[in-house]
Amino acid sequence: MPRIGMGEWIAAGGAIARGHLSRYGKQARYTNCFEKRLAQATGATHALAVSSGTAALISALAAAQIGPGDEVLVPAYTWMATATAVVMVGAVPVFVDIDETLTIDPGDIEAKITPYTRAIMPVHMGNAPCDMDAIMGIASRHGLLVIEDACQAVGVRYKDRHLGTIGHLGAYSFNKMKNMNIGEGGAVLTSDERYFVRARGYHDLGDLIRDHEGGLSEPSIIGVNYKVTEIQTAMAAVQLRKLGPMLERMRRRRAMMAEILSGSSEFRVTPHNDADNAVSLTILAPTKEAAVQLQGRRGVWNRLRDSSKHVYTNWEPILAQRTSHPKFNPWAWANREIRYDKDMCLRTLDILDRTCVVNLGMTYPSAVMRRVARGIAR
Ligand SMILES: *Cc1c(COP(=O)(O)O)cnc(C)c1O
């Protein structure tokens, strides 16, 4: 994750000095400019800055008119926000196993499709891209929408397209754990004019931020307030400039370490859906016990099984189907009974049990990390 530095401090100060902190009309100089740059950088036609990644996911689902009666396919390994967003628009999440790439398994997507399935939400976990070719193929064969959760993969490419711009809509997060960090923030990406207008309206109580000289191309819908401040987007523009160079350094470091690690006979480097662009590095042991052993080595971080609310078994309110009000409960109006239990995605648990994260050590010289990789692959 990138550091916050003098550049962000000066940009935020500039926004404060200007005195227009919220995004209204043409005075939203920083926000309008950031959205334009984000769209240019990613190749999306439209980018909408919002207050968080969760807000981006909810706005994207609302833009796509997903709601009561709809089932949305969500991987069993993702930040809980993916499943939560589905519930917030009145639809129900249906959980899909991951495969060894740590992303949603296209084979299990096919197995989980029902007549009520409306959308697939591929999640690019820890910078690892989903198999987007397979997923887009399945989606077009079954007439499903694809809403990419690229919150953990901002700026990462899959076969020269940016994650978040391949599906019908995409969501980014800029919280402190992500590739761009402004504390809290996010964005919706889409190349569909209609989805963009709906997302923009939804995130702002029906679109108050524009003056609509020629009227709206879509009727305004009841929405929320997920707007960003000018201070956030001033900082985000600085972070965006750092993103490409940071990911390129990570890509080179990852390639060097993965080559060394692939010589091990004790474990495999996690398979990757686009190895040339890879910036994520995890290793897969043959057994849980072997993975626990690897955890003791310098440079090996936690097993993914221990990554708290990234694992479906820890999504307590979702598993219990507990909403803010008992009558506002999407499972009650779903087209069929949807049951969850902790054993529903055992394959996911097995893979997470055996996978350890390897530290790329970006604050260390590569010679140090070469030695660390050799130590892991001893
Ligand atoms: C961080 C994250 C989110 C939510 O982002 P926030 O900005 O924290 O709301 C959603 N999905 C995934 C996969 C994430 O990692």
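Starting afresh in each chain, residues are numbered from 1 along the sequence in its written order. For a predicted model such as this one, the threshold for reporting local features is a pLDDT of at least 70, and the threshold for listing and counting side-chain atom pairs is 80 or more; totals across whole chains, interfaces and linings nevertheless cover every residue. By convention in this description, side-chain values take in all heavy atoms of the structure and omit both hydrogens and water.

**Some words on the packing of aromatic side chains**
So, point 1. Put simply, two rings from Phe, Tyr or Trp (the six-membered ring, in Trp's case) pair if the centres are within 6.5 Å, and we call them stacked under 30 degrees between planes, edge-to-face over 60, tilted for the rest. All chains considered together, the criterion is met by 7 aromatic pairs.
So, point 2. With centroids separated by 6.4 Å and ring planes inclined at 65°, the aromatic side chains of Tyr-202 and Tyr-226 adopt a geometry described as edge-to-face. Linking Tyr-202 in helix 7 (residues 193-202) with Tyr-226 in the loop between helix 7 and helix 8 (230-261), this pair joins segments that are 24 residues apart in sequence. Assigned by exposure class, Tyr-202 and Tyr-226 land together as buried.
So, point 3. Members of the aromatic cluster, connected to one another through ring pairs, are Phe-95, Trp-315, Trp-331 and Tyr-340. Secondary structure is summarised from DSSP: a helix means a run of H or I of at least four residues, a strand means a run of E of at least two, and numbering begins at the N terminus for each. Relative accessibility thresholds used throughout: buried, under 20% of the residue-type maximum; exposed, over 50%; partly exposed, between the two (1.4 Å probe, protein chains only).

**Describing the domain arrangement of the protein chain**
So, point 1. By domain assignment, the protein chain separates into domain 1 (6-240) and domain 2 (244-308 + 345-376).
So, point 2. Domain boundaries shown here were taken from an automatic or database domain assignment. A straight line from the C-alpha centre of domain 1 to that of domain 2 covers 28 Å.
So, point 3. With 28 residues of domain 1 in contact, the opposing surface of domain 2 contributes 26 residues.
So, point 4. Buried surface area refers to the total accessible area, computed with a probe of radius 1.4 Å, that the two partners give up upon joining, counted for both partners together. A combined buried area of about 2000 Å² lies between domain 1 and domain 2, and 58% of that area is made up of carbon and sulfur atoms.
So, point 5. Together, Tyr-77, Glu-100 and Leu-102 form the three largest contributors to the area buried by domain 1 at its contact with domain 2, with a combined 29%.
So, point 6. By definition here, a salt bridge exists when the distance from a side-chain nitrogen of Lys or Arg to a carboxyl oxygen of Asp or Glu is within 4 Å. In this structure, the connection of domain 1 to domain 2 is made through 2 salt bridges.
So, point 7. The partner of Glu-100 in a salt bridge is Arg-268, and the shortest N-O contact between them spans 3.0 Å. Residues count as neighbours in contact if any of their non-hydrogen atoms are within 4.5 Å of one another.

**Some points on the site of the ligand**
So, point 1. Throughout, near means a residue has at least one heavy atom within 4 Å of the molecule or strand. Around the ligand, a shell composed of 16 residues is seen, among which Gly-53, Thr-54, Asp-149, Ser-173 and Lys-178 lie nearest.
So, point 2. Residue Asp-149 places a side-chain N or O atom 2.7 Å away from a nitrogen atom belonging to the ligand.
So, point 3. Within 3.5 Å is the distance limit for a polar contact, defined as a pair of N or O atoms, with the added protein rule that one can donate a hydrogen and the other accept it, and that residues adjacent in sequence qualify only through two side-chain atoms. Ser-173 places a polar side-chain atom, nitrogen or oxygen, 2.7 Å from an oxygen atom of the ligand.
So, point 4. Elements that contribute at least two residues to the shell around the ligand include exactly helix 3 (53-63) and helix 4 (81-88).
So, point 5. Per-element tally for the shell around the ligand: the top contributor is helix 3, with 3 residues.
So, point 6. Looking at side-chain class alone, the shell around the ligand contains 5 nonpolar, 9 polar and 2 charged residues. Under the grouping applied here, Gly and all other residues not named as nonpolar or charged are polar, the nonpolar ones being Ala, Val, Leu, Ile, Met, Phe, Trp, Tyr, Cys and Pro and the charged ones Asp, Glu, Lys and Arg.

**A closer look at the packing of helix 8 against helix 12 (residues 366-376)**
So, point 1. The convention used is that axes are lines fitted to C-alpha atoms, helices contributing only their stretch in contact, and that angles between N-to-C directions extend from 0 to 180 degrees. Two elements in contact, helix 8 and helix 12, have axes whose closest approach is 8 Å; the angle formed by their N-to-C orientations is 25°. Overall, the two elements helix 8 and helix 12 adopt an arrangement that is roughly parallel. Viewed along their axes, helix 8 and helix 12 form a crossing whose handedness is right-handed. Listed contacts from helix 12 to Arg-253, Met-256, Met-257, Ile-260 and Leu-261 of helix 8 are Ser-366, Met-369, Arg-370, Ala-373, Arg-374 and Ile-376.
So, point 2. Its residues placed into classes, the contact of helix 8 with helix 12 shows 7 nonpolar, 1 polar and 3 charged. Oblique is the label for any angle not under 35 degrees, not over 145, and not in the 65 to 115 range, which are roughly parallel, roughly antiparallel and roughly perpendicular in turn. Take the far helix as the reference: if the near one is turned anticlockwise from it by less than a right angle, the crossing is left-handed, and if turned clockwise, right-handed.

**Quick word on the pattern of salt bridges**
So, point 1. For the coordinates displayed, the defined rule picks out 21 salt bridges.
So, point 2. In this structure, Glu-230 and Arg-18 form a salt bridge, with 3.9 Å as the shortest nitrogen-oxygen distance. With a gap of 212 residues between them, Glu-230 in helix 8 and Arg-18 in helix 1 (residues 6-18) connect regions that are remote in the sequence.
So, point 3. Residue class for Arg-18 comes out partly exposed when judged on its relative accessible area of 26%.
So, point 4. Between Glu-337 and Arg-339 there is a salt bridge whose closest N-O contact spans 2.8 Å. This pair shows no difference in class: Glu-337 is exposed, exactly as Arg-339 is.

**What about the sheet that holds strand 12 (residues 300-303)?**
So, point 1. A pair of strands counts as paired when DSSP detects no fewer than two bridges linking them. Pairing within the open sheet is antiparallel, and its 4 strands lie in the order 10-11-13-12. Among the strands making up the open sheet, the edge pair consists of strand 10 (268-269) and strand 12.
So, point 2. Pairing of strand 11 (residues 282-284) with strand 13 (residues 355-358), which is carried by 3 bridges, proceeds in the antiparallel orientation. Following the sheet pairing, Ile-283 is matched in strand 13 by Cys-356.

**Re the pairing of strand 9 (residues 186-190)**
So, point 1. Burial analysis of strand 9 places 5 of its 5 residues in the buried class, which makes it a mostly covered element.
So, point 2. Here strand 9 shows two buried faces, one formed by Gly-186, Val-188 and Thr-190 and the other by Ala-187 and Leu-189.
So, point 3. As judged from the 5 bridges shared by strand 1 (residues 46-50) and strand 9, these two strands associate in the antiparallel manner. If you follow Ala-47 over to strand 9, its bridge partner there is Leu-189.
So, point 4. Alignment of strand 8 (residues 169-173) against strand 9, held across 5 bridges, turns out to be antiparallel. Residue pairing for strand 9: Leu-169 is matched across the bridge by Thr-190.

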